[in-house]
Amino acid sequence: MTASEHRTGLVLLFAAAALALLYLLTGYGVPIAYPATVALKASGILLLAVFAARRQAFLLALALAASAIGDAMLVLDPVRMTLGIAAFGTAHLVYGWIFLRQLRKSGLRGPVGYGLAALLVVFGVAMLAWIQPGMGELRIPATAYNAIILVMAILAVMSRAPWLAVIGALLFLASDSLIALDLFRDYDPAWRGPAVWISYVAAQFCLTLGLVRERP
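In what follows, the accompanying structure is described. Source: prediction; values computed, not measured. (Residues numbered from 1 in each chain as written. Predicted model: local features only at pLDDT ≥ 70, side-chain atom pairs only at ≥ 80, totals over all residues. Heavy atoms only, no water.)

What about helix α2 (residues 36–54)?
Here comes step 1: Its 19 residues give α2 an end-to-end C-alpha distance of 27 Å, which sits within 8% of 27 Å, the value for a rise of 1.5 Å per residue.
Here comes step 2: Along α2, the largest kink reaches about 35 degrees and is centred on Ser43.
Here comes step 3: Residues Thr37, Val38, Leu40, Lys41, Ala42, Ser43, Gly44, Ile45, Leu48, Ala49, Phe51 and Ala52 constitute the buried set of α2.
Here comes step 4: In this structure, the buried residues of α2 make contact with α1 (3–25), α3 (58–73) and α8 (192–211). (Helix = DSSP H or I, 4+ residues; strand = E, 2+ residues; numbered from the N terminus. Expected span 1.5 Å × (residues − 1). Bend = angle between axes of the 7 residues up to and from the residue. Buried < 20%, exposed > 50% of the residue type's maximum accessible area, 1.4 Å probe, protein only. Contact = heavy atoms within 4.5 Å.)

Right, here's the structure in full:
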């Protein structure tokens, strides 16, 4: 990588972080109104997709682009919930495929991976049992999404992917769990919204920085 390419990569990362922070601040009085907020929410993740594509991590770029589409769908008025679930489900399928390729390439992580995978299975089953009564007409897509992100996280901890990427997968699961609690259990304390966004953005940065090292 040349010095110019390295500088461009840093500019993309810092710009993505700045846009994500700006979106967070719209919840604290920064005067950016709809529909500009739709573009703002998706823009930071799209810059991460550009960063990944420039590093020839094209599957990663696809997952990030799908995530950006999901971000937009969830802040449209009215919200396109089913399309948002489909977009993020696609992103997790791609992330899962990346971790599966890493697992097939380097083998299982070992006892630590088995232990983390077992904890994730328990967590996923317990969470699904808790939120299903409130799913209503979203029961099928939300249950499928829950299974997809859980499998993605399990593949992450079982593979020998960089720990930064594994942390990203777990943060993504945590962020989506907080969203599910709001949607299906009406659990919405004041800290939930900022925690969802911060953990989500941190997840995407960790996945991006961890997985660009694992491109073919």
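Section: the packing of helix α4 (residues 81–106) against α8
Here comes step 1: One way to put it is that α4 packs onto α8 with a least axis distance of 13 Å and a crossing angle of 35 degrees. Pair α4 / α8 crosses with left-handed handedness. Two secondary-structure elements touch here, α4 through Phe88, Tyr95, Ile98 and Phe99 and α8 through Tyr200, Gln204, Leu207 and Leu211.
Here comes step 2: Taken together, the residues of the contact of α4 with α8 break down into 7 nonpolar, 1 polar and no charged. (Axes fitted to C-alpha atoms, helices over the stretch in contact; angles between N-to-C directions. Left-handed = near helix turned anticlockwise from the far one by under 90°. Nonpolar A, V, L, I, M, F, W, Y, C, P; charged D, E, K, R; others polar.)

Quick word on the pattern of salt bridges
Here comes step 1: Counting across every chain of the model gives 1 salt bridge.
Here comes step 2: Taking the shortest distance from any N to any O, the salt bridge between Asp182 and Arg192 comes out at 3.2 Å. With Asp182 in helix α7 (residues 163–185) and Arg192 in helix α8, this residue pair connects regions lying 10 residues apart in the sequence. (Salt bridge = Lys/Arg side-chain N within 4 Å of Asp/Glu carboxyl O.)

Here we look at the environment of Thr37
Here comes step 1: Here Thr37 is to be found in helix α2.
Here comes step 2: Residues Thr37 and Leu22 lie 15 residues apart in sequence; the distance between their C-alpha atoms is 9.8 Å.
Here comes step 3: If we ignore the near neighbours within four places in the chain, the residues touching Thr37 are Tyr23 and Ile32.

Here's the deal with empty space enclosed by the protein
Over the atoms rolls a probe the size of a water molecule, and its path tells where empty space is left.
Here comes step 1: For the coordinates displayed, the defined rule picks out 1 cavity of 30 Å³ or more.
Here comes step 2: Looking at the largest cavity, its volume works out to about 40 Å³.
Here comes step 3: Taken together, Ala16, Leu19, Ala20, Leu40, Lys41, Gly44, Ile45, Trp197, Val201 and Phe205 make up the full set of residues lining the largest cavity.
Here comes step 4: Within the residue set of the lining of the largest cavity, elements represented by two or more residues are α1, α2 and α8.
Here comes step 5: The element contributing the most residues to the lining of the largest cavity is α2, with 4 residues.
Here comes step 6: Along the lines of polarity and charge, the residues of the lining of the largest cavity split into 8 nonpolar, 1 polar and 1 charged. (1 Å grid on protein atoms, 1.4 Å probe; cavity = no way out; pocket = protein on both sides within 12 Å on 5 of 7 lines; lining within 4 Å. Points joined across faces, edges and corners; volume = space filled by probe spheres on them.)

So far we have only geometry, and geometry alone does not tell us how the molecule works.
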